[in-house]
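One letter stands for each residue in the lines below.
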Number of protein chains: 4
Amino acid sequence: MAAARKPARTHAIRRARAQRVDEILVSARDVFCEKGYDAASVAEIAARIGVVEGLVYKYFSTKRELLLQVLERWYDELFGDTERALAGISDRRARVRMLVRHHLRAVRDYPQLCKLMFREVQGESGYHGSSLHARNRRYTQYLVDEIEAGQRDGSFRADIPPRLVRDLVYGGIEHATWHYLRGRGSLDIDRLAEQITSLLCEGLLPRAAAAMSPVRNKPR
Amino acid sequence: MAAARKPARTHAIRRARAQRVDEILVSARDVFCEKGYDAASVAEIAARIGVVEGLVYKYFSTKRELLLQVLERWYDELFGDTERALAGISDRRARVRMLVRHHLRAVRDYPQLCKLMFREVQGESGYHGSSLHARNRRYTQYLVDEIEAGQRDGSFRADIPPRLVRDLVYGGIEHATWHYLRGRGSLDIDRLAEQITSLLCEGLLPRAAAAMSPVRNKPR
Amino acid sequence: MAAARKPARTHAIRRARAQRVDEILVSARDVFCEKGYDAASVAEIAARIGVVEGLVYKYFSTKRELLLQVLERWYDELFGDTERALAGISDRRARVRMLVRHHLRAVRDYPQLCKLMFREVQGESGYHGSSLHARNRRYTQYLVDEIEAGQRDGSFRADIPPRLVRDLVYGGIEHATWHYLRGRGSLDIDRLAEQITSLLCEGLLPRAAAAMSPVRNKPR
Amino acid sequence: MAAARKPARTHAIRRARAQRVDEILVSARDVFCEKGYDAASVAEIAARIGVVEGLVYKYFSTKRELLLQVLERWYDELFGDTERALAGISDRRARVRMLVRHHLRAVRDYPQLCKLMFREVQGESGYHGSSLHARNRRYTQYLVDEIEAGQRDGSFRADIPPRLVRDLVYGGIEHATWHYLRGRGSLDIDRLAEQITSLLCEGLLPRAAAAMSPVRNKPR
DNA sequence: AATGAATGAGCGTTCATTCAT
DNA sequence: AATGAATGAACGCTCATTCAT
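Keep in mind that what you see is a predicted model, and the values were worked out from it rather than measured.

**Looking at the side chain of Gln122(D)**
Piece 1. Relative to the assigned elements, Gln122(D) resides in the loop between helix H6 (111-121) and helix H7 (131-152).
Piece 2. In this structure Gln122(D) touches Lys115(C), Trp178(C), His179(C), Met117(D), Tyr127(D) and Asn136(D), once residues within four positions along its chain are discounted.

**Digging into the UniProt feature "DNA-binding region" (unreviewed entry) in chain A**
Piece 1. Cross-referencing UniProt, the feature "DNA-binding region" (unreviewed entry) maps to residues 41-60 of chain A in the present numbering.
Piece 2. Helix makes up 70% of residues 41-60 of chain A and strand 0%, with an end-to-end C-alpha separation of 14 Å.

**Focus: the protein's contact with DNA strand E**
Piece 1. Taken together, the neighbourhood of DNA strand E is formed by 45 residues, with Val52(A), Tyr57(B), Lys63(B), Ile13(C) and Lys63(D) sitting nearest.
Piece 2. Counting only the atoms of DNA strand E that lie within 4 Å of the protein, the sugar and phosphate share comes to 64%.
Piece 3. With respect to DNA strand E, the side chain of Arg14(C) contributes an N or O atom lying 2.9 Å from a base nitrogen.
Piece 4. Of all the elements in the fold, those that place two or more residues in the surface near DNA strand E are helix H1 (2-39) and helix H3 (53-59) of chain A, helix H3 (53-59) of chain B, helix H1 (17-39) and helix H3 (53-59) of chain C together with helix H3 (53-59) of chain D.
Piece 5. Looking at side-chain class alone, the surface near DNA strand E contains 19 nonpolar, 11 polar and 15 charged residues.

**Describing the interface of chain A and chain B**
Piece 1. Between chain A and chain B, the contact holds 56 residues from the first and 57 residues from the second.
Piece 2. Across the interface of chain A and chain B, roughly 5,600 Å² is buried in total on both sides, 56% from carbon and sulfur atoms.
Piece 3. In this assembly, chain A and chain B are joined by two salt bridges.
Piece 4. With a shortest N-O distance of 3.3 Å, Glu202(A) and Arg157(B) are connected by a salt bridge.
Piece 5. Across the chain A-chain B interface, the total number found is six residue pairs in polar contact (both at pLDDT 80 or more).
Piece 6. Where the side of chain A that touches chain B is concerned, the elements lending two or more residues are helix H5 (92-109), helix H6 (111-121), helix H7 (131-152), helix H8 (162-182), helix H9 (189-203) and helix H10 (207-211) of chain A.
Piece 7. For the side of chain A that touches chain B, the residue count by class is 22 nonpolar, 13 polar and 21 charged.

**Overview of the relation of the copies chain A and chain B**
Piece 1. Superposition of chain A onto chain B requires a rotation of 174° combined with a translation of 0.4 Å along the rotation axis, giving an RMSD of 2.5 Å. Expressed as an axis order, the relation between the two copies is that of a two-fold axis.

**Here's the deal with the protein's contact with DNA strand F**
Piece 1. In the vicinity of DNA strand F lie 45 residues, with Tyr57(A), Lys63(A), Ile13(B), Lys63(C) and Val52(D) positioned nearest.
Piece 2. Atoms of DNA strand F within 4 Å of the protein: sugar and phosphate make up 61%, bases the balance.
Piece 3. Here Tyr59(B) contributes a side-chain N or O atom positioned 3.1 Å from a sugar or linking oxygen of DNA strand F.
Piece 4. Within the side chain of Arg14(C), a nitrogen or oxygen atom sits 3.5 Å from a base nitrogen of DNA strand F.

**Some remarks on the nonpolar core**
Piece 1. By size, the foremost hydrophobic cluster in this structure holds 120 residues, and its most contacted members are Phe32(A), Leu66(A), Phe32(B) and Leu66(B).
Piece 2. If we skip the residues at most four places from it in the chain, Leu66(B) touches Ile24(B), Leu25(B), Ala28(B), Phe32(B), Ile45(B), Val56(B) and Phe60(B).
Piece 3. Judged by nonpolar contacts, the second largest core, of 119 residues, contains Val21(C), Leu78(D), Leu113(D) and Ile189(D).

Calculation criteria
- Residues numbered from 1 in each chain as written.
- Chains lettered and ligands numbered in written order.
- Predicted model: local features only at pLDDT ≥ 70, side-chain atom pairs only at ≥ 80, totals over all residues.
- Heavy atoms only, no water.
- Helix = DSSP H or I, 4+ residues; strand = E, 2+ residues; numbered from the N terminus.
- Contact = heavy atoms within 4.5 Å.
- UniProt positions renumbered as here; feature names shortened; annotations may be inferred.
- Near = heavy atom within 4 Å.
- Polar contact = N/O pair within 3.5 Å; in protein donor to acceptor, adjacent residues only side chain to side chain.
- Nonpolar A, V, L, I, M, F, W, Y, C, P; charged D, E, K, R; others polar.
- Buried area = accessible area lost by both parts, 1.4 Å probe.
- Salt bridge = Lys/Arg side-chain N within 4 Å of Asp/Glu carboxyl O.
- Least-squares fit on C-alpha atoms with pLDDT ≥ 70 in both.
- Core = buried A, V, L, I, M, F, W, Y, C linked by side-chain atoms within 4.5 Å.
- Buried < 20%, exposed > 50% of the residue type's maximum accessible area, 1.4 Å probe, protein only.

Structural data, given as structure tokens:
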């Protein structure tokens, strides 16, 4: 009888375990977002879900591991969103705008997670080649792919490295969001997405088109 | 009552106040850059110049004050460079390129100082209105001024907020530098400056000109 | 980012929370009494019970909190003693003598706790209205009540503020104990209690009685 | 010529030295009073008179020495005041009242100096037998002498140790002043002096007089 | 699976004191 | 006589991590 029940029990345990992991990750995300990595304490992460510090270490070997998994989960959510959003859009510029818009939304919703990525994880030893790194590359690759495709079919000029465009977009959004969030204005995502897309896409027009109206500087 | 403190015995080489302050600031800049603010310890900053922790506090009231002054010095150096570089250039696009180029150089030399500004200082209470804030505004204002002047004389389209351009430039450079420094390629500052300038300036062309050649997306 | 902390290896004997709290409070009381508040170090309080500094902070948020709780416990012990001692005594003078006697004993046993109250706690911001303040009021009120009752029923003169009597008793005992403890004589509590009581109660005779035999000073 | 000037110069130097000592002691008294001993820093004491920490150590070997000398000076001032005040008063009770009144004034004017004596100095090793101890004994002896004289000539009962009276007075005043200073009421020195004197002196009536009207306690 | 007592290393900061100049 | 640079030993407090129960 005991043998017969085993699979069910194992399954239940596995489910319980998964739930705990979820709980902890949600709590960790909240605390990391509110306080940043250093100021967040494992004690608080545990306390918020009514458990004890030690238990967290049953599921995650270190505080850092916890941070990494929080961020991995976040990327995994973003992937789904992004792919659903791109589906059915074929116009290049519209696709770019959609990617920009999605990232803006992501940053608005969890600005701190972005910060954590950039502040605490990237560039630390061990990041390069990690599964988080892979997710980050995959995430930003959507935009790079779009630019490259445009360059291949001639709708974008080819003398700008696609990765530079990616950096301007993600770096720019980081700064822009920061300023808006801390500043007086609210963040108008659609407007901002259009402005960024417009600015970059028109800058990316092939020279032939751009050459027709060179920048003429007035004397100062 | 506090226990009586015991006397000092051996002394490091005496230095004039200003020299020590300089030494400490240089050491602090190095350590902050290598480890970030939190992980940097005042003890290490002191040890690197063969001095005892307490002495640092004779010249700087807190660790944070030390960070702030490191950053202020950095800005002060940048101002001189920037103004010398702009002098004598009147062509708008050349001025923009120069600003981009200078910032690229600054970030390449001390990529972490940017990060410190962005991560540790901006948005913390007390930053707004501080002399560091003033320096930061002044520094980033160079570019904003250039864009606004272009918008006023009609050489730049007016439907893009100048501050967005600034954010794309500074945020983008931060990401680009970061990627290049950590990645495989070396950083070709002149080339990168030209690419960024070209991309943005052409994206900033007045609509009338741009409207003549709308982006036509090829089907994927 | 903070450097990773290294693990613990050897552990002191585990104790139930309440027991540890007790142990710590006893140790704290001893060290505070021996050295005073400032010179007492949390490290020593911990070391005396074979425990590490940090553990103290698991149970008490600050050193000051520790002091406060030591004093609260002391008052709580005193209340029990005092009330048991007063029960069944109805003679006013006997009640006063009992209160004096009890305080003398308290001060003899822990002369420094009085001092700590008076020096470190009273008059500090946050004391007024605290639970320690409440205990202090309750404790000294016993005597004030007795004096007031005597004034109401005419057995004590009414032109002396009861609080002055209280101050003379508690302040006087503090000094007297101090001198005796540090001086040559031992502290004969019963005798001293009788002397103080006699001195004050007879000084509290209604004017009518005292007026009959005014103090006649001999010329010097 | 140089030889001839020597005495004058020596004298000038001695004067200058004495002035410095005075300056430092005044500054030290102020800072000790404002902050207490531990919280006072030698740096601040020096800064207030526009000199440098090191100079203080030219004149006083330690911070503690500074405290001791501040207190000695204070006692020396009090002696003069007290003796001038007592001169010409022969009535015993009036003399007691005057002593009480003078101490009340001293405590009102420099309550912190009293505190320092009691908190930081008395009972510390080295106090016993020190010149400060001598001054303290001399100061409180005035009152003890008065009581003893009264006991000798029969105007005070002899079964109360004069030192107990002294402790009640000085301890009581400490508490009373503390309460009044921190409390709502202002300190009416003359009234308080009269109340204390009256309470104690009438309590000190020879048994014969007091025995005529024993305290009759009403049943509670 | 969960608890929670315990560790230990570290950090920012203060300050009495010394001594070269 | 005066300066002020430098020391060094604490101290209060925090927290990731371990492990007995």
